[in-house]
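Here is what each chain is made of, one letter per residue.
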Amino acid sequence: MRIFSSVLTLCIAIALCTPSAIYVSLPGYAFKTNPKCQRHVPKTRFDIRCDWPRLGFKDFTPPLVTVLGI
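These numbers were taken from a predicted model, which means no experiment stands behind them.

1. Examining the pattern of salt bridges
Piece 1. Scanning the model with the defined rule gives one salt bridge in all.
Piece 2. Salt-bridge contacts for Asp51 lead to Arg39; the nearest nitrogen and oxygen are separated by 2.9 Å. In this pair, Asp51 sits in strand β2 (residues 51–52) while Arg39 sits in the loop between β1 (32–33) and β2, placing the two residues twelve residues apart along the sequence. Each member of the pair Asp51 and Arg39 is classed as buried.

Here it is as structure tokens:
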């Protein structure tokens, strides 16, 4: 049971950390952004409503996670 709960926790963590497909890298934009979002700041600055990740790391690419997180 303990192993099952550990594996379930790991799967949930991986699922929550993967980005949504709506955020893409566009030329001229400093962050991955949702192209359908109405921006309120210039494209070189972080917009909390439109950009990902929420902390605003420039050119962020999540690490590739394979089976078992290795």
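2. Description of the side chain of Asp51
Piece 1. What makes Asp51 buried here is its relative accessible area of 1%.
Piece 2. A distance of 2.9 Å separates a polar atom in the side chain of Asp51 from a polar atom in the side chain of Thr33.
Piece 3. When sequence neighbours within four positions are dropped, the list of residues in contact with Asp51 reads Tyr23, Phe31, Lys32, Thr33, Arg39, Arg45 and Phe46.

3. Some thoughts on a nonpolar patch on the surface
Piece 1. Taken together, Met1, Phe4, Leu8 and Ile12 make up a surface patch of nonpolar side chains, about 490 Å² in accessible area.
Piece 2. With respect to the helices and strands, the residue Ile12 is situated in helix α1 (residues 2–17).
Piece 3. For Ile12, a relative accessible area of 47% gives the class partly exposed.

4. Some points on the confidence of the model for the protein
Piece 1. When pLDDT is averaged along the protein, the result is 74, and 61% of the positions lie at 70 or above.
Piece 2. Of all secondary-structure elements in the protein, the lowest mean pLDDT belongs to α1, at 72, while β1 reaches the highest, 84.

5. Concerning the state of the cysteines
Disulfides are covalent bonds that connect the sulfur atoms of two cysteines.
Piece 1. One pass over the full model with this rule turns up one disulfide.
Piece 2. Covalent S-S linkage joins Cys37 and Cys50, the inter-sulfur distance amounting to 1.9 Å. The chirality of the disulfide connecting Cys37 with Cys50 is left-handed, given an S-S dihedral of about -65°. Of this pair, Cys37 sits in the loop between β1 and β2 while Cys50 is found in the loop between β1 and β2, placing the two residues 13 residues apart along the sequence.

Definitions and limits used
- Residues numbered from 1 in each chain as written.
- Predicted model: local features only at pLDDT ≥ 70, side-chain atom pairs only at ≥ 80, totals over all residues.
- Heavy atoms only, no water.
- Salt bridge = Lys/Arg side-chain N within 4 Å of Asp/Glu carboxyl O.
- Helix = DSSP H or I, 4+ residues; strand = E, 2+ residues; numbered from the N terminus.
- Buried < 20%, exposed > 50% of the residue type's maximum accessible area, 1.4 Å probe, protein only.
- Polar contact = N/O pair within 3.5 Å; in protein donor to acceptor, adjacent residues only side chain to side chain.
- Contact = heavy atoms within 4.5 Å.
- Patch = residues over 30% accessible without salt bridge, like charges linked within 9 Å, V, L, I, M, F, W, Y side chains within 5 Å.
- Areas by Shrake-Rupley, 256 points an atom, 1.4 Å probe, with all protein chains shown as cover.
- pLDDT = per-residue confidence, 0-100.
- Disulfide = S-S within 2.5 Å.

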